[in-house]
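Observations on the model geometry
Residue strings, one per chain:
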Amino acid sequence: MKARPKIAIIGAGWAGLAAAVELAGQADLTLFEAGREPGGRARRLNSGDSLLDNGQHILIGAYRDCLQLMRRVGVDEAKAMLRLPLVWQRQGGMRMQCPRWPAPLHVLAGLLTASGIGWRDKWQLARALQGLRWQGWRLAQDITVAEWLTAQRQSAHLVEQFWRPMVLSALNTPLELASMQILATTLRDSLGGRRADSDLLLPRSDLTALFPGPALDWLREQGLQWRAGVRVAQIHPAEQGVVVDGEPFDAAIVAVAPYHAAELLQEPQLQSQIKAFHYWPIYTAYLRYDADINMPVPMTGLQGGTLDWLFDRQALSGERGLLAAVISAPPPAVRNLDRASLLDRVQADVEVLLPALNGLVPLERQLIVEKRATFASGVGLTRPHCRSRVQSVYLAGDWLCPEYPATLEGAVRSGLTAARQLMQDLPSSRVAGR
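Residues numbered from 1 in each chain as written. Predicted model: local features only at pLDDT ≥ 70, side-chain atom pairs only at ≥ 80, totals over all residues. Heavy atoms only, no water.

Here's the deal with the overall build of the protein
Regarding its fold elements, the protein presents 16 helices and 18 strands. Relative to its length of 434 residues, the protein is compact, with a C-alpha radius of gyration of 22 Å against a globular reference of 22 Å. Projected onto its principal axes, the C-alpha positions of the protein cover 70 × 50 × 40 Å. When each of the 434 residues of the protein is scored for burial, the buried share is 58%. Within the protein, contacts between residues at least 6 apart in sequence are counted, and of these 70% link residues at least 24 apart. Accessible area for the protein stands at about 18,600 Å²; split by element, carbon and sulfur atoms hold 51% of it. For the protein, the centre of its 46 positive side-chain charges and the centre of its 41 negative side-chain charges are spaced 5 Å apart. (Helix = DSSP H or I, 4+ residues; strand = E, 2+ residues; numbered from the N terminus. Rg over C-alpha atoms; globule rule 2.2 N^0.38 Å. Buried < 20%, exposed > 50% of the residue type's maximum accessible area, 1.4 Å probe, protein only. Contact = heavy atoms within 4.5 Å. Areas by Shrake-Rupley, 256 points an atom, 1.4 Å probe, with all protein chains shown as cover. Lys, Arg positive; Asp, Glu negative; His and termini not counted. Charge placed at Lys NZ, Arg CZ, Asp CG, Glu CD.)

Comments concerning the sheet that holds strand β1 (residues 6-10)
Strand order in the open sheet formed by five strands is β8-β2-β1-β12-β18, with parallel pairing between adjacent strands. Where the open sheet ends on each side, the last strands, each with one partner, are β8 (225-228) and β18 (393-395). Averaged over all adjacent pairs, the angle separating strand axes in this sheet is 20°, with direction ignored. Bridge analysis of β1 against strand β12 (residues 251-254) gives four bridges, and the strand direction is parallel. Looking at β12, one finds that Ala-8 is bridged to Ala-252. Against the sheet, helix α16 (residues 408-425) contacts β1, β12 and β18, and its axis sits at roughly 155° relative to β18. (Pairing = 2+ DSSP bridges. Axes fitted to C-alpha atoms, helices over the stretch in contact; angles between N-to-C directions.)

Focus: the confidence of the model for the protein
When pLDDT is averaged across the protein, the result is 94; 97% of the residues are at 70 or more. Overall, residues 429-434 carries pLDDT values under 50, and its contacts beyond four positions in sequence, including any with other chains, amount to 14 contacts. (pLDDT = per-residue confidence, 0-100.)

Digging into the pattern of salt bridges
Side-chain pairing between opposite charges can occur once the charged atoms of the two side chains come close. Applying the stated criterion across every chain, the model contains 26 salt bridges. Across the pair Asp-65 and Arg-413 runs a salt bridge, and its minimum N-O distance is 3.4 Å. Of the two residues, Asp-65 sits in helix α2 (residues 64-72) while Arg-413 sits in helix α16, which places them 348 residues apart along the sequence. The salt bridge involving Arg-288 is made with Glu-364; its shortest N-O contact spans 3.1 Å. One end of the pair, Arg-288, is in strand β13 (residues 279-288); the other, Glu-364, is in strand β17 (residues 364-375), and 76 residues separate them in sequence. Take Glu-364: its relative accessible area is 28%, and that puts it in the partly exposed class. Here the salt bridges share partners, and the residues they tie into one network are Glu-77, Arg-83, Arg-195 and Asp-199. (Salt bridge = Lys/Arg side-chain N within 4 Å of Asp/Glu carboxyl O.)

Considering the sheet that holds β13
An order of β6-β5-β14-β15-β16-β13-β17 is seen for the seven strands of this open sheet, with the pairing classed as mixed. Each edge of the open sheet carries a strand with a single partner, namely β6 (95-97) and β17. In this sheet, adjacent strand axes meet at a mean angle of 25° when their direction is disregarded. Where helix α7 (residues 156-171) meets the sheet, it contacts β5 (87-91), β15 (309-312), β16 (322-328) and β17, and its direction lies at approximately 115° from that of β5. Helix-sheet contacts for helix α15 (residues 339-353) involve β5, β13, β14 (299-302), β15, β16 and β17, and the interaxial angle to β17 is about 105°.

Re the nonpolar core
Ranked by size, the top nonpolar core spans 103 residues in total, and within it Trp-14, Trp-163 and Ile-253 carry the most contacts. Examining the composition of this core, we find that eight residues originate from one element, helix α1 (residues 14-23), more than from any other. Those residues within four positions of Trp-163 in sequence are excluded, and the remaining contacts are Leu-125, Leu-129, Trp-148, Leu-149, Gln-154, Leu-158, Leu-175, Leu-183 and Leu-187. Grouped together as the second largest cluster of nonpolar side chains are 26 residues, Val-232, Leu-265, Leu-270 and Leu-395 included. (Core = buried A, V, L, I, M, F, W, Y, C linked by side-chain atoms within 4.5 Å.)

This is how it looks when you write it as structure tokens:
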């Protein structure tokens, strides 16, 4: 009977966990994580009895690999997430709700009944989306979203009402810098897919319970060794396989942020590629009131406000009076504010959206700043291959998924790709200790 390969996975974010789940049953796995909890940039914070996350994430129906992995480790989608047909509601701006009709009629019906934009803008938006569909969602040459919008004659009003908030939400990159090809791929897999692909999936639980926690529990039942609070310092190729902090393995998957991967592997070409990466922050402000929240939908925006989107965490997770406000790729005017001033501005936005809270002092205000929440989805960004130039070392992370921006689905896909490539490359005779 052949011994199973011994594999190290460095990083217990969604990419590393996806790789581990894919390899379970095929290899003896050791999962290293510098922190104490799994989940990376999409996890629960250790904040007493509260279920605050380190950022407010949503999924969409097109995230098939995420949803499949959740089911595999025992997560019930219907209990874990609230599924809504695509709804776009921004107070003082555009409002659109797509019915449960077959694609693409659901988008057309939602657009025809949308408010906040005129018929000319509706026509121009529909024409631009249909043009992308006819092109197979591929551009002859990548350009910025702003350049593409100009070429498509999208009005300034439509840009501010729809395109700008949508690009910030999807790519966390200002549209003046964002890659139109990456946006087109995102649109292909959401608005351009099946009707259910454009559904919004809003977590009903904290992010750790959504996937990382159940995945780790499932993996440990499969025999995975969990090494929390261990920051790997060195990875070196061996005669056969690789050595991780002095311990031999047949192969390793490095599933960490790009700048950490470059520092850990010290591989010149990878370091050169990663120098081209830039990053944008995401701010999440939590406000808790001694009052019941009554939002018409669990997710709504405010046109012209400081916050981009406000989430009703009471409706989603049951925490009374809790709201989460998200600011994607905040401009310098927001980044330069001190925390108290920024929270004051978010609170003022909340009072515009929810007048019943006007004059109430929040019981708690907390600002979570992820300074390098995502890489910038810029034009011409080259993604490294999952097979690194270091012998027996593979890479995973949302930054390696060639078509997607920084998303949970991109992270999961990269982990699956790395795991499958590793098993394909690994000689059947190469096992640790031989």
